[in-house]
Amino acid sequence: MVNLEDTIAAIATAPGEGGIGIIRVSGGEAKKIVDNLFVSPKGKKVIHMVPYQMLYGYIVDKTDGAMVDEVLVAFMQRPHSFTGEDVVEIHSHGGMVVLQKILGLVLKEGARLAEPGEFTKRAFINGRIDLSQAEAVIDLIRAQTDAAAKVAANQLQGKLKQHIMEIRQQLLQVLAYLEAEIDFPDEDIEHLTGIQLANRLTQIRERLNDLLARSRQGKILREGIRVVIAGKPNVGKSSLLNALLRDRRAIVTDIPGTTRDVIEEVLNLGGVPVRLVDTAGIRETKDLVEQLGVEKSKEWLEKADVVLFVINSATGFNIEDAEIARLLSSRHQVLLIINKQDLKPEYKGEDLPEELQHWPRVYTSLLQEEDTRKVEQALLDLIWQGKVVPSQELFLSNQRHISALEKAAGQLESALAAYQAGMPADYLSIDIRGAWETLGEISGETVGEDLLDLIFSQFCIGK
Ligand SMILES: Nc1nc2c(c(=O)[nH]1)N(C=O)[C@@H](CNc1ccc(C(=O)N[C@@H](CCC(=O)O)C(=O)O)cc1)CN2
Ligand SMILES: Nc1nc2c(ncn2[C@@H]2O[C@H](COP(=O)(O)OP(=O)(O)OP(=O)(O)O)[C@@H](O)[C@H]2O)c(=O)[nH]1
Ligand SMILES: [K+]
Ligand SMILES: [Mg+2]
(Lines give C-alpha, C1' and ligand atoms only; values in the text may rest on other atoms or scores of the structure.)
(Ligands and ions follow the chains in the order given, each with its own letter.)
Protein backbone atom coordinates (compact mmCIF):
# COMPACT_ATOMS: atom_id res chain seq x y z
CA MET A 1 0.00 0.00 0.00
CA VAL A 2 1.38 3.40 -0.87
CA ASN A 3 1.36 5.87 1.95
CA LEU A 4 -0.11 9.00 0.44
CA GLU A 5 1.07 10.99 3.46
CA ASP A 6 4.69 10.74 2.39
CA THR A 7 6.28 13.20 0.05
CA ILE A 8 8.19 11.15 -2.52
CA ALA A 9 11.12 11.98 -4.79
CA ALA A 10 13.11 10.39 -7.60
CA ILE A 11 15.21 11.21 -10.62
CA ALA A 12 12.67 11.31 -13.46
CA THR A 13 15.04 11.44 -16.41
CA ALA A 14 16.99 8.52 -17.90
CA PRO A 15 20.28 7.60 -16.25
CA GLY A 16 23.38 8.76 -18.06
CA GLU A 17 24.47 12.11 -19.42
CA GLY A 18 21.87 14.54 -20.69
CA GLY A 19 21.52 18.24 -21.30
CA ILE A 20 19.01 18.50 -18.48
CA GLY A 21 17.96 16.12 -15.71
CA ILE A 22 14.83 16.32 -13.60
CA ILE A 23 14.25 15.43 -9.96
CA ARG A 24 10.55 15.15 -9.28
CA VAL A 25 9.10 15.67 -5.80
CA SER A 26 5.43 14.92 -5.09
CA GLY A 27 3.34 15.34 -1.96
CA GLY A 28 2.22 17.84 0.63
CA GLU A 29 5.74 18.84 1.68
CA ALA A 30 7.18 19.17 -1.83
CA LYS A 31 7.37 22.98 -1.85
CA LYS A 32 8.81 23.25 1.64
CA ILE A 33 11.41 20.57 1.02
CA VAL A 34 12.73 22.15 -2.17
CA ASP A 35 12.53 25.64 -0.67
CA ASN A 36 15.01 24.52 1.99
CA LEU A 37 17.61 23.75 -0.67
CA PHE A 38 16.97 26.54 -3.08
CA VAL A 39 18.45 30.02 -3.29
CA SER A 40 17.25 32.58 -5.82
CA PRO A 41 19.44 35.55 -6.73
CA LYS A 42 16.30 37.69 -6.66
CA GLY A 43 15.31 36.38 -3.25
CA LYS A 44 12.26 34.49 -4.55
CA LYS A 45 11.04 31.48 -2.62
CA VAL A 46 9.63 28.15 -3.77
CA ILE A 47 6.91 28.26 -1.09
CA HIS A 48 5.56 31.42 -2.69
CA MET A 49 5.64 30.10 -6.24
CA VAL A 50 2.73 30.53 -8.62
CA PRO A 51 1.69 27.21 -10.21
CA TYR A 52 3.00 26.45 -13.71
CA GLN A 53 5.81 28.97 -13.53
CA MET A 54 9.51 28.43 -13.14
CA LEU A 55 12.05 29.95 -10.79
CA TYR A 56 15.72 30.35 -11.56
CA GLY A 57 18.30 29.76 -8.85
CA TYR A 58 20.80 27.44 -7.19
CA ILE A 59 20.65 24.26 -5.17
CA VAL A 60 22.82 24.70 -2.13
CA ASP A 61 24.15 22.09 0.29
CA LYS A 62 23.49 23.60 3.71
CA THR A 63 26.13 21.51 5.47
CA ASP A 64 28.95 23.40 3.76
CA GLY A 65 27.11 26.17 1.92
CA ALA A 66 28.42 24.84 -1.41
CA MET A 67 26.50 25.52 -4.60
CA VAL A 68 25.61 22.15 -6.16
CA ASP A 69 24.05 23.26 -9.44
CA GLU A 70 22.31 26.06 -11.25
CA VAL A 71 18.68 25.01 -11.75
CA LEU A 72 15.14 25.85 -12.74
CA VAL A 73 12.35 24.85 -10.38
CA ALA A 74 8.78 24.17 -11.57
CA PHE A 75 5.67 23.92 -9.42
CA MET A 76 2.35 22.26 -10.21
CA GLN A 77 -0.37 22.69 -7.63
CA ARG A 78 -2.67 19.86 -6.57
CA PRO A 79 -4.91 18.57 -8.02
CA HIS A 80 -3.56 19.90 -11.32
CA SER A 81 -0.38 17.90 -11.58
CA PHE A 82 0.75 14.54 -12.91
CA THR A 83 0.15 12.85 -9.55
CA GLY A 84 -2.76 15.02 -8.45
CA GLU A 85 -0.60 16.21 -5.54
CA ASP A 86 1.68 19.22 -5.23
CA VAL A 87 4.61 18.51 -7.54
CA VAL A 88 7.88 20.40 -7.56
CA GLU A 89 10.49 19.61 -10.18
CA ILE A 90 14.13 20.57 -10.04
CA HIS A 91 15.56 20.89 -13.55
CA SER A 92 19.30 20.57 -13.15
CA HIS A 93 22.17 19.79 -15.46
CA GLY A 94 21.90 16.22 -16.60
CA GLY A 95 24.86 14.44 -15.06
CA MET A 96 24.37 11.49 -12.71
CA VAL A 97 26.60 12.91 -9.97
CA VAL A 98 24.68 16.18 -9.84
CA LEU A 99 21.28 14.47 -9.98
CA GLN A 100 22.21 11.96 -7.27
CA LYS A 101 23.56 14.73 -5.10
CA ILE A 102 20.40 16.85 -5.39
CA LEU A 103 18.20 13.78 -4.83
CA GLY A 104 20.24 13.04 -1.68
CA LEU A 105 19.62 16.55 -0.38
CA VAL A 106 15.89 16.27 -1.12
CA LEU A 107 15.73 12.99 0.80
CA LYS A 108 17.65 14.55 3.69
CA GLU A 109 15.00 17.27 3.90
CA GLY A 110 12.36 14.60 4.54
CA ALA A 111 11.21 13.17 1.23
CA ARG A 112 11.12 9.40 0.75
CA LEU A 113 12.61 7.72 -2.32
CA ALA A 114 9.73 6.83 -4.66
CA GLU A 115 9.13 3.21 -5.52
CA PRO A 116 9.08 2.24 -9.22
CA GLY A 117 5.83 3.52 -10.73
CA GLU A 118 4.80 5.31 -7.55
CA PHE A 119 4.18 8.69 -9.21
CA THR A 120 1.86 7.04 -11.73
CA LYS A 121 0.29 4.91 -9.00
CA ARG A 122 -0.54 8.09 -7.10
CA ALA A 123 -2.09 9.59 -10.23
CA PHE A 124 -4.29 6.48 -10.29
CA ILE A 125 -5.10 6.40 -6.57
CA ASN A 126 -5.88 10.12 -6.59
CA GLY A 127 -8.31 9.49 -9.45
CA ARG A 128 -6.59 11.62 -12.07
CA ILE A 129 -6.26 8.62 -14.40
CA ASP A 130 -7.72 5.12 -14.42
CA LEU A 131 -5.69 1.92 -14.49
CA SER A 132 -5.81 1.59 -18.28
CA GLN A 133 -4.28 5.06 -18.57
CA ALA A 134 -1.60 4.23 -16.01
CA GLU A 135 -0.72 1.13 -18.01
CA ALA A 136 -0.63 3.27 -21.16
CA VAL A 137 2.09 5.41 -19.57
CA ILE A 138 4.43 2.42 -19.42
CA ASP A 139 3.43 1.26 -22.91
CA LEU A 140 4.23 4.70 -24.28
CA ILE A 141 7.66 4.63 -22.67
CA ARG A 142 8.34 1.15 -24.03
CA ALA A 143 6.87 1.63 -27.51
CA GLN A 144 9.25 0.44 -30.24
CA THR A 145 7.55 2.04 -33.24
CA ASP A 146 5.50 5.12 -34.07
CA ALA A 147 2.37 3.05 -34.50
CA ALA A 148 2.80 1.35 -31.11
CA ALA A 149 3.32 4.75 -29.48
CA LYS A 150 0.12 6.01 -31.11
CA VAL A 151 -1.92 3.17 -29.63
CA ALA A 152 -0.51 3.89 -26.18
CA ALA A 153 -1.10 7.63 -26.57
CA ASN A 154 -4.75 6.98 -27.49
CA GLN A 155 -5.14 4.83 -24.41
CA LEU A 156 -3.40 7.44 -22.24
CA GLN A 157 -5.88 9.99 -23.55
CA GLY A 158 -8.65 7.88 -22.07
CA LYS A 159 -10.25 6.35 -25.15
CA LEU A 160 -10.47 2.87 -23.64
CA LYS A 161 -11.46 4.34 -20.29
CA GLN A 162 -14.39 6.15 -21.93
CA HIS A 163 -15.73 2.99 -23.57
CA ILE A 164 -15.43 0.98 -20.37
CA MET A 165 -17.18 3.69 -18.34
CA GLU A 166 -20.08 3.86 -20.78
CA ILE A 167 -20.51 0.10 -21.03
CA ARG A 168 -20.43 -0.30 -17.27
CA GLN A 169 -23.06 2.44 -17.00
CA GLN A 170 -25.28 0.61 -19.49
CA LEU A 171 -24.89 -2.59 -17.49
CA LEU A 172 -25.87 -0.77 -14.29
CA GLN A 173 -29.03 0.49 -15.95
CA VAL A 174 -30.00 -3.02 -16.97
CA LEU A 175 -29.23 -4.20 -13.45
CA ALA A 176 -31.42 -1.48 -11.97
CA TYR A 177 -34.37 -2.67 -14.06
CA LEU A 178 -33.74 -6.23 -13.03
CA GLU A 179 -33.55 -5.28 -9.33
CA ALA A 180 -36.87 -3.48 -9.65
CA GLU A 181 -38.27 -6.61 -11.23
CA ILE A 182 -36.97 -8.73 -8.37
CA ASP A 183 -37.94 -6.43 -5.51
CA PHE A 184 -41.22 -4.96 -6.75
CA PRO A 185 -42.52 -7.30 -9.44
CA ASP A 186 -46.12 -6.10 -9.20
CA GLU A 187 -45.69 -2.39 -8.67
CA ASP A 188 -46.46 0.17 -11.27
CA ILE A 189 -42.89 1.12 -12.12
CA GLU A 190 -41.17 0.96 -15.44
CA HIS A 191 -40.21 -2.60 -16.29
CA LEU A 192 -38.22 -3.74 -19.29
CA THR A 193 -39.97 -6.31 -21.41
CA GLY A 194 -38.00 -9.48 -21.93
CA ILE A 195 -37.33 -8.52 -25.53
CA GLN A 196 -36.08 -5.09 -24.55
CA LEU A 197 -33.76 -6.63 -22.01
CA ALA A 198 -32.39 -9.12 -24.52
CA ASN A 199 -31.90 -6.31 -27.06
CA ARG A 200 -29.93 -4.24 -24.63
CA LEU A 201 -27.72 -7.13 -23.62
CA THR A 202 -27.14 -8.02 -27.26
CA GLN A 203 -26.17 -4.42 -28.00
CA ILE A 204 -23.68 -4.32 -25.18
CA ARG A 205 -22.21 -7.65 -26.18
CA GLU A 206 -21.85 -6.37 -29.76
CA ARG A 207 -20.03 -3.33 -28.49
CA LEU A 208 -17.60 -5.55 -26.58
CA ASN A 209 -17.06 -7.70 -29.66
CA ASP A 210 -16.46 -4.60 -31.72
CA LEU A 211 -13.72 -3.49 -29.34
CA LEU A 212 -12.23 -6.97 -29.36
CA ALA A 213 -12.16 -7.07 -33.14
CA ARG A 214 -9.81 -4.09 -33.12
CA SER A 215 -7.73 -5.35 -30.22
CA ARG A 216 -5.75 -7.82 -32.31
CA GLN A 217 -3.99 -5.04 -34.19
CA GLY A 218 -3.31 -3.06 -31.06
CA LYS A 219 -1.79 -6.10 -29.44
CA ILE A 220 0.44 -6.77 -32.42
CA LEU A 221 1.68 -3.18 -32.36
CA ARG A 222 2.31 -3.30 -28.64
CA GLU A 223 3.92 -6.72 -28.40
CA GLY A 224 5.35 -7.07 -31.87
CA ILE A 225 5.65 -10.41 -33.63
CA ARG A 226 8.35 -13.02 -33.81
CA VAL A 227 9.27 -13.92 -37.35
CA VAL A 228 11.58 -16.90 -37.79
CA ILE A 229 13.40 -17.57 -41.07
CA ALA A 230 13.74 -21.30 -41.59
CA GLY A 231 14.71 -23.73 -44.29
CA LYS A 232 17.39 -26.07 -45.53
CA PRO A 233 21.03 -24.97 -45.63
CA ASN A 234 21.99 -22.58 -48.41
CA VAL A 235 18.51 -21.60 -49.58
CA GLY A 236 19.20 -17.92 -48.76
CA LYS A 237 17.91 -17.45 -45.21
CA SER A 238 20.72 -15.19 -44.08
CA SER A 239 20.52 -13.32 -47.38
CA LEU A 240 16.86 -12.67 -46.56
CA LEU A 241 17.66 -11.46 -43.05
CA ASN A 242 20.25 -9.06 -44.42
CA ALA A 243 17.92 -7.83 -47.14
CA LEU A 244 15.11 -7.11 -44.66
CA LEU A 245 17.49 -5.36 -42.27
CA ARG A 246 19.23 -3.59 -45.15
CA ASP A 247 22.45 -4.48 -43.43
CA ARG A 248 25.08 -7.17 -43.79
CA ARG A 249 24.25 -8.48 -40.36
CA ALA A 250 24.72 -12.21 -41.01
CA ILE A 251 27.50 -14.03 -42.82
CA VAL A 252 26.45 -15.23 -46.25
CA THR A 253 28.53 -17.77 -48.17
CA ASP A 254 27.82 -20.49 -50.68
CA ILE A 255 28.86 -23.09 -48.10
CA PRO A 256 25.89 -25.00 -46.64
CA GLY A 257 25.86 -24.74 -42.85
CA THR A 258 27.26 -21.21 -42.69
CA THR A 259 24.88 -19.98 -39.99
CA ARG A 260 25.50 -21.90 -36.78
CA ASP A 261 23.85 -19.78 -34.15
CA VAL A 262 20.54 -17.96 -34.02
CA ILE A 263 20.68 -14.31 -35.07
CA GLU A 264 18.00 -12.05 -33.66
CA GLU A 265 17.34 -8.45 -34.70
CA VAL A 266 14.48 -5.99 -34.29
CA LEU A 267 12.94 -4.44 -37.37
CA ASN A 268 10.24 -1.81 -37.80
CA LEU A 269 8.01 -3.23 -40.49
CA GLY A 270 5.40 -0.63 -41.38
CA GLY A 271 4.94 0.19 -37.68
CA VAL A 272 4.99 -3.41 -36.50
CA PRO A 273 7.90 -4.21 -34.20
CA VAL A 274 9.24 -7.41 -35.73
CA ARG A 275 11.68 -9.65 -33.95
CA LEU A 276 13.41 -11.22 -36.92
CA VAL A 277 15.31 -14.46 -36.33
CA ASP A 278 17.70 -16.15 -38.74
CA THR A 279 18.42 -19.78 -37.96
CA ALA A 280 20.87 -22.48 -38.93
CA GLY A 281 19.79 -24.48 -41.96
CA ILE A 282 17.96 -27.59 -40.77
CA ARG A 283 19.53 -30.89 -41.91
CA GLU A 284 20.99 -34.15 -40.61
CA THR A 285 24.63 -33.50 -39.84
CA LYS A 286 27.60 -35.13 -38.13
CA ASP A 287 29.11 -31.76 -37.21
CA LEU A 288 28.48 -31.28 -33.49
CA VAL A 289 28.38 -27.47 -33.62
CA GLU A 290 26.00 -27.53 -36.55
CA GLN A 291 23.82 -30.11 -34.74
CA LEU A 292 23.44 -27.75 -31.81
CA GLY A 293 22.52 -24.98 -34.25
CA VAL A 294 19.88 -27.20 -35.83
CA GLU A 295 18.43 -27.99 -32.38
CA LYS A 296 18.21 -24.26 -31.72
CA SER A 297 16.49 -23.68 -35.05
CA LYS A 298 13.83 -26.18 -34.05
CA GLU A 299 13.35 -24.53 -30.67
CA TRP A 300 12.88 -21.16 -32.35
CA LEU A 301 10.36 -22.57 -34.76
CA GLU A 302 8.26 -23.51 -31.75
CA LYS A 303 8.27 -19.91 -30.56
CA ALA A 304 7.57 -18.32 -33.95
CA ASP A 305 4.40 -16.34 -34.72
CA VAL A 306 5.25 -16.29 -38.40
CA VAL A 307 7.67 -18.57 -40.25
CA LEU A 308 9.38 -17.41 -43.42
CA PHE A 309 9.96 -20.81 -44.98
CA VAL A 310 12.64 -20.44 -47.64
CA ILE A 311 13.07 -22.96 -50.43
CA ASN A 312 15.37 -23.04 -53.46
CA SER A 313 13.75 -22.89 -56.90
CA ALA A 314 16.72 -24.67 -58.46
CA THR A 315 16.17 -27.84 -56.40
CA GLY A 316 12.42 -27.59 -55.94
CA PHE A 317 10.60 -28.90 -52.88
CA ASN A 318 12.39 -32.07 -51.86
CA ILE A 319 12.30 -34.55 -49.00
CA GLU A 320 14.44 -32.31 -46.76
CA ASP A 321 12.00 -29.44 -47.19
CA ALA A 322 9.18 -31.83 -46.37
CA GLU A 323 10.95 -32.80 -43.13
CA ILE A 324 11.08 -29.14 -42.10
CA ALA A 325 7.44 -28.62 -43.07
CA ARG A 326 6.56 -31.40 -40.63
CA LEU A 327 7.92 -29.26 -37.80
CA LEU A 328 5.29 -26.61 -38.48
CA SER A 329 1.89 -26.85 -36.89
CA SER A 330 -1.44 -25.25 -37.67
CA ARG A 331 -0.59 -22.63 -35.03
CA HIS A 332 2.13 -21.20 -37.28
CA GLN A 333 1.46 -18.64 -39.92
CA VAL A 334 3.73 -19.52 -42.83
CA LEU A 335 4.93 -17.39 -45.68
CA LEU A 336 6.67 -19.47 -48.31
CA ILE A 337 9.68 -17.78 -49.90
CA ILE A 338 10.44 -19.42 -53.23
CA ASN A 339 13.95 -18.06 -53.65
CA LYS A 340 16.64 -18.16 -56.34
CA GLN A 341 14.07 -17.56 -59.05
CA ASP A 342 16.91 -16.17 -61.20
CA LEU A 343 18.27 -19.72 -61.43
CA LYS A 344 14.96 -21.34 -62.42
CA PRO A 345 12.21 -18.80 -63.14
CA GLU A 346 9.83 -21.48 -64.44
CA TYR A 347 9.64 -23.17 -61.01
CA LYS A 348 6.33 -22.24 -59.37
CA GLY A 349 6.13 -24.63 -56.46
CA GLU A 350 4.10 -27.22 -58.36
CA ASP A 351 5.82 -30.08 -56.51
CA LEU A 352 4.63 -28.83 -53.11
CA PRO A 353 2.38 -31.33 -51.34
CA GLU A 354 -1.31 -30.65 -51.77
CA GLU A 355 -1.82 -29.73 -48.09
CA LEU A 356 0.83 -27.00 -48.30
CA GLN A 357 -0.40 -25.41 -51.50
CA HIS A 358 -2.54 -22.93 -49.53
CA TRP A 359 0.47 -21.22 -47.95
CA PRO A 360 0.83 -17.64 -49.17
CA ARG A 361 4.02 -17.36 -51.18
CA VAL A 362 6.46 -14.92 -52.72
CA TYR A 363 8.80 -15.62 -55.61
CA THR A 364 12.16 -13.97 -55.06
CA SER A 365 15.64 -13.55 -56.20
CA LEU A 366 17.37 -12.03 -53.22
CA LEU A 367 20.07 -10.79 -55.57
CA GLN A 368 17.43 -8.21 -56.56
CA GLU A 369 16.51 -5.46 -54.14
CA GLU A 370 12.90 -5.02 -55.30
CA ASP A 371 12.10 -8.56 -54.23
CA THR A 372 12.73 -7.65 -50.60
CA ARG A 373 9.80 -5.26 -50.80
CA LYS A 374 7.60 -8.06 -52.12
CA VAL A 375 8.46 -10.09 -49.02
CA GLU A 376 7.72 -7.13 -46.75
CA GLN A 377 4.34 -6.54 -48.37
CA ALA A 378 3.37 -10.21 -48.20
CA LEU A 379 4.43 -10.31 -44.55
CA LEU A 380 2.32 -7.24 -43.73
CA ASP A 381 -0.65 -8.73 -45.59
CA LEU A 382 -0.28 -11.88 -43.54
CA ILE A 383 -0.02 -9.95 -40.27
CA TRP A 384 -2.99 -7.65 -40.92
CA GLN A 385 -4.99 -10.21 -42.89
CA GLY A 386 -6.25 -7.45 -45.14
CA LYS A 387 -7.82 -5.54 -42.25
CA VAL A 388 -6.10 -2.28 -41.43
CA VAL A 389 -7.89 -0.18 -38.83
CA PRO A 390 -7.30 3.60 -38.77
CA SER A 391 -4.78 4.38 -36.06
CA GLN A 392 -7.09 6.64 -34.07
CA GLU A 393 -9.37 3.66 -33.49
CA LEU A 394 -6.63 1.60 -31.88
CA PHE A 395 -6.41 1.97 -28.13
CA LEU A 396 -6.77 -1.60 -26.91
CA SER A 397 -3.54 -3.57 -26.92
CA ASN A 398 -2.91 -5.09 -23.53
CA GLN A 399 -3.66 -8.79 -23.00
CA ARG A 400 -4.96 -8.10 -19.49
CA HIS A 401 -7.60 -5.77 -20.92
CA ILE A 402 -8.39 -8.09 -23.82
CA SER A 403 -8.91 -11.05 -21.47
CA ALA A 404 -11.25 -9.00 -19.30
CA LEU A 405 -13.30 -7.94 -22.33
CA GLU A 406 -13.51 -11.55 -23.53
CA LYS A 407 -14.63 -12.68 -20.09
CA ALA A 408 -17.27 -9.94 -19.88
CA ALA A 409 -18.56 -10.83 -23.36
CA GLY A 410 -18.86 -14.45 -22.20
CA GLN A 411 -20.77 -13.39 -19.09
CA LEU A 412 -23.25 -11.45 -21.23
CA GLU A 413 -23.55 -14.42 -23.52
CA SER A 414 -24.44 -16.55 -20.55
CA ALA A 415 -26.98 -13.97 -19.32
CA LEU A 416 -28.61 -14.05 -22.75
CA ALA A 417 -28.68 -17.83 -22.70
CA ALA A 418 -30.31 -17.72 -19.26
CA TYR A 419 -32.92 -15.30 -20.58
CA GLN A 420 -33.64 -17.55 -23.55
CA ALA A 421 -33.99 -20.52 -21.19
CA GLY A 422 -36.64 -18.54 -19.29
CA MET A 423 -34.59 -18.20 -16.09
CA PRO A 424 -35.74 -15.72 -13.44
CA ALA A 425 -34.41 -12.16 -13.24
CA ASP A 426 -32.19 -12.70 -10.22
CA TYR A 427 -30.43 -15.47 -12.11
CA LEU A 428 -29.62 -13.18 -15.02
CA SER A 429 -28.46 -10.40 -12.78
CA ILE A 430 -25.61 -12.54 -11.42
CA ASP A 431 -23.95 -12.73 -14.83
CA ILE A 432 -24.63 -9.10 -15.64
CA ARG A 433 -23.15 -7.99 -12.35
CA GLY A 434 -20.24 -10.30 -13.10
CA ALA A 435 -19.65 -8.56 -16.43
CA TRP A 436 -19.82 -5.16 -14.71
CA GLU A 437 -17.18 -6.27 -12.21
CA THR A 438 -14.96 -7.83 -14.87
CA LEU A 439 -14.91 -4.57 -16.83
CA GLY A 440 -13.99 -2.76 -13.63
CA GLU A 441 -10.73 -4.69 -13.67
CA ILE A 442 -9.72 -2.73 -16.76
CA SER A 443 -10.34 0.67 -15.20
CA GLY A 444 -8.96 -0.61 -11.89
CA GLU A 445 -12.14 -0.09 -9.90
CA THR A 446 -12.48 -3.75 -8.99
CA VAL A 447 -8.91 -4.99 -8.76
CA GLY A 448 -7.08 -6.06 -5.65
CA GLU A 449 -3.95 -4.58 -4.13
CA ASP A 450 -1.84 -7.53 -5.34
CA LEU A 451 -2.59 -6.96 -9.00
CA LEU A 452 -2.01 -3.22 -8.62
CA ASP A 453 1.37 -3.88 -7.04
CA LEU A 454 2.22 -6.27 -9.84
CA ILE A 455 1.29 -3.77 -12.53
CA PHE A 456 3.11 -0.82 -11.01
CA SER A 457 6.20 -2.84 -10.15
CA GLN A 458 6.88 -3.11 -13.91
CA PHE A 459 7.47 0.62 -14.09
CA CYS A 460 10.86 2.25 -13.95
CA ILE A 461 12.03 4.40 -11.05
CA GLY A 462 10.91 8.00 -11.37
CA LYS A 463 7.74 7.18 -13.32
N1 LIG B 1 8.57 18.33 -16.80
C2 LIG B 1 7.70 17.36 -16.99
N3 LIG B 1 7.37 16.96 -18.22
C4 LIG B 1 6.49 15.95 -18.39
C5 LIG B 1 5.91 15.28 -17.30
C6 LIG B 1 6.28 15.73 -15.99
O7 LIG B 1 5.83 15.17 -14.98
N8 LIG B 1 7.16 16.75 -15.90
N9 LIG B 1 5.02 14.24 -17.53
C10 LIG B 1 4.83 13.20 -16.65
O11 LIG B 1 4.53 12.10 -17.00
C12 LIG B 1 4.36 14.14 -18.81
C13 LIG B 1 3.23 15.13 -18.86
N14 LIG B 1 2.16 14.67 -18.03
C15 LIG B 1 1.39 15.48 -17.24
C16 LIG B 1 0.10 15.09 -16.99
C17 LIG B 1 -0.74 15.92 -16.29
C18 LIG B 1 -0.27 17.13 -15.79
C19 LIG B 1 -1.20 18.06 -15.12
O20 LIG B 1 -0.78 18.98 -14.47
N21 LIG B 1 -2.52 17.89 -15.29
C22 LIG B 1 -3.53 18.80 -14.83
C23 LIG B 1 -4.04 19.67 -15.97
C24 LIG B 1 -3.24 20.87 -16.17
C25 LIG B 1 -3.88 21.79 -17.20
O26 LIG B 1 -4.88 21.41 -17.81
O27 LIG B 1 -3.39 22.92 -17.35
C28 LIG B 1 -4.73 18.05 -14.31
O29 LIG B 1 -4.91 16.91 -14.72
O30 LIG B 1 -5.48 18.63 -13.55
C31 LIG B 1 1.05 17.49 -16.00
C32 LIG B 1 1.89 16.65 -16.72
C33 LIG B 1 5.38 14.38 -19.88
N34 LIG B 1 6.17 15.58 -19.64
N1 LIG C 1 21.42 -17.13 -57.47
C2 LIG C 1 20.98 -16.79 -56.27
N3 LIG C 1 21.76 -16.98 -55.20
C4 LIG C 1 21.29 -16.64 -54.00
C5 LIG C 1 20.01 -16.09 -53.82
N6 LIG C 1 19.82 -15.85 -52.50
C7 LIG C 1 20.94 -16.25 -51.89
N8 LIG C 1 21.84 -16.72 -52.78
C9 LIG C 1 23.17 -17.26 -52.54
O10 LIG C 1 23.01 -18.52 -51.92
C11 LIG C 1 24.11 -18.79 -51.05
C12 LIG C 1 23.61 -19.15 -49.65
O13 LIG C 1 22.98 -18.03 -49.09
P14 LIG C 1 22.79 -17.86 -47.51
O15 LIG C 1 22.03 -16.64 -47.31
O16 LIG C 1 24.10 -18.01 -46.84
O17 LIG C 1 21.93 -19.15 -47.25
P18 LIG C 1 21.44 -19.72 -45.83
O19 LIG C 1 20.13 -20.33 -46.06
O20 LIG C 1 21.55 -18.70 -44.79
O21 LIG C 1 22.52 -20.85 -45.59
P22 LIG C 1 22.95 -21.55 -44.21
O23 LIG C 1 23.19 -20.50 -43.19
O24 LIG C 1 24.18 -22.25 -44.59
O25 LIG C 1 21.85 -22.47 -43.85
C26 LIG C 1 24.95 -17.54 -51.06
O27 LIG C 1 26.00 -17.72 -51.95
C28 LIG C 1 23.98 -16.47 -51.57
O29 LIG C 1 24.64 -15.40 -52.22
C30 LIG C 1 19.19 -15.91 -54.98
O31 LIG C 1 18.07 -15.45 -54.95
N32 LIG C 1 19.74 -16.28 -56.17
K1 LIG D 1 25.22 -20.69 -46.68
MG1 LIG E 1 22.56 -18.61 -43.05
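Residues numbered from 1 in each chain as written. Chains lettered and ligands numbered in written order. Predicted model: local features only at pLDDT ≥ 70, side-chain atom pairs only at ≥ 80, totals over all residues. Heavy atoms only, no water.

- Looking up the protein in an unreviewed UniProt entry gives the name tRNA modification GTPase MnmE, with the organism given as Carboxydocella sporoproducens DSM 16521.
- UniProt, in its Subcellular location (unreviewed entry) section for the protein, records the words "Cytoplasm".
- Reading the Sequence similarities (unreviewed entry) entry of the UniProt record for the protein gives the comment "Belongs to the TRAFAC class TrmE-Era-EngA-EngB-Septin-like GTPase superfamily. TrmE GTPase family." (UniProt positions renumbered as here; feature names shortened; annotations may be inferred.)

## Overview of the confidence of the model for the protein
Line of reasoning, step 1. Within the protein, residue pLDDT values average 95, and 98% of them lie at 70 or more.
Line of reasoning, step 2. Both scores are given for the predicted complex: the pTM is 0.90, the ipTM 0.89. (pLDDT = per-residue confidence, 0-100.)

## Observations concerning the sheet that holds strand β7 (residues 112-113)
Line of reasoning, step 1. Here 7 strands make up an open sheet; going across it, the order is β3-β4-β5-β6-β2-β1-β7 and the pairing mixed. Pairing within the sheet leaves two strands with one partner each, and these edge strands are β3 (38-39) and β7.
Line of reasoning, step 2. Lying on the sheet, helix α2 (residues 96-108) is in contact with β1 (8-11), β2 (18-26), β4 (54-61), β5 (66-76), β6 (87-94) and β7; it crosses β6 at an angle near 150°.
Line of reasoning, step 3. Across the sheet, helix α3 (residues 118-125) is in contact with β1, β2 and β7; its angle to β1 comes to roughly 135°. (Pairing = 2+ DSSP bridges. Helix = DSSP H or I, 4+ residues; strand = E, 2+ residues; numbered from the N terminus. Contact = heavy atoms within 4.5 Å. Axes fitted to C-alpha atoms, helices over the stretch in contact; angles between N-to-C directions.)

## Considerations on the pairing of strand β10 (residues 272-278)
Every regular strand shows the same layout, with side chains that alternate between the two sheet faces.
Line of reasoning, step 1. Within β10, 6 of the 7 residues are buried, leaving the element largely enclosed by the surrounding structure.
Line of reasoning, step 2. Here strand β8 (residues 225-231) runs beside β10; their pairing, made up of 5 bridges, is parallel. Within β10, the residue paired with Val 227 across the bridge is Leu 276.
Line of reasoning, step 3. With 7 bridges joining them, strand β9 (residues 263-269) and β10 adopt antiparallel strand pairing. Of the residues in β10, the one forming a bridge with Asn 268 is Pro 273. (Buried < 20%, exposed > 50% of the residue type's maximum accessible area, 1.4 Å probe, protein only.)

## Structural notes on the sheet that holds strand β11 (residues 306-312)
Line of reasoning, step 1. In space, the 6 strands of this open sheet follow the order β9-β10-β8-β11-β12-β13, with mixed pairing throughout. A single partner strand is all that each edge strand has here, and the edge strands are β9 and β13 (361-363). On average, each strand axis in the sheet is inclined to that of its neighbour by 25°, with strand direction left out of account.
Line of reasoning, step 2. Here helix α7 (residues 194-223) sits on the sheet and contacts β8 and β10; the angle it forms with β10, its principal contact strand, is near 60°.
Line of reasoning, step 3. Sheet strands in contact with helix α11 (residues 370-384) are β8, β9, β10, β11, β12 (333-339) and β13, and its direction is about 165° off that of β12.

## Some remarks on the site of ligand 1
Line of reasoning, step 1. Ligand 1 sits among Ile 22, Arg 24, Tyr 52, Pro 79, His 80, Ser 81, Phe 82, Glu 89, His 91, Arg 128 and Lys 463.
Line of reasoning, step 2. For ligand 1, an oxygen atom lies 2.7 Å from a polar atom in the side chain of His 80.
Line of reasoning, step 3. Out of a free accessible area of 690 Å², ligand 1 has 50% covered by protein chains.
Line of reasoning, step 4. Split into classes, the residues belonging to the shell around ligand 1 amount to 4 nonpolar, 3 polar and 4 charged. (Near = heavy atom within 4 Å. Polar contact = N/O pair within 3.5 Å; in protein donor to acceptor, adjacent residues only side chain to side chain. Areas by Shrake-Rupley, 256 points an atom, 1.4 Å probe, with all protein chains shown as cover. Nonpolar A, V, L, I, M, F, W, Y, C, P; charged D, E, K, R; others polar.)

## Details of helix α12 (residues 399-420)
Line of reasoning, step 1. With 22 residues, α12 extends 31 Å from end C-alpha to end C-alpha; this agrees with the ideal 32 Å at 1.5 Å per step.
Line of reasoning, step 2. Those residues of α12 not exposed but buried are Arg 400, His 401, Ile 402, Ala 404, Leu 405, Ala 408, Ala 409, Gln 411, Leu 412, Ala 415, Leu 416 and Ala 418.
Line of reasoning, step 3. For α12, the secondary structure elements touched by its buried residues are α4 (131-142), α5 (146-156), α6 (159-183), α7, α13 (425-443) and α14 (449-457).
Line of reasoning, step 4. Put simply, Asn 398 is the residue that caps the front of α12, since its side-chain oxygen is 2.7 Å from the backbone nitrogen of Arg 400.
Line of reasoning, step 5. Trailing α12 by a residue or two, Gly 422 shows a phi angle of about 75°, which is positive. (Expected span 1.5 Å × (residues − 1).)

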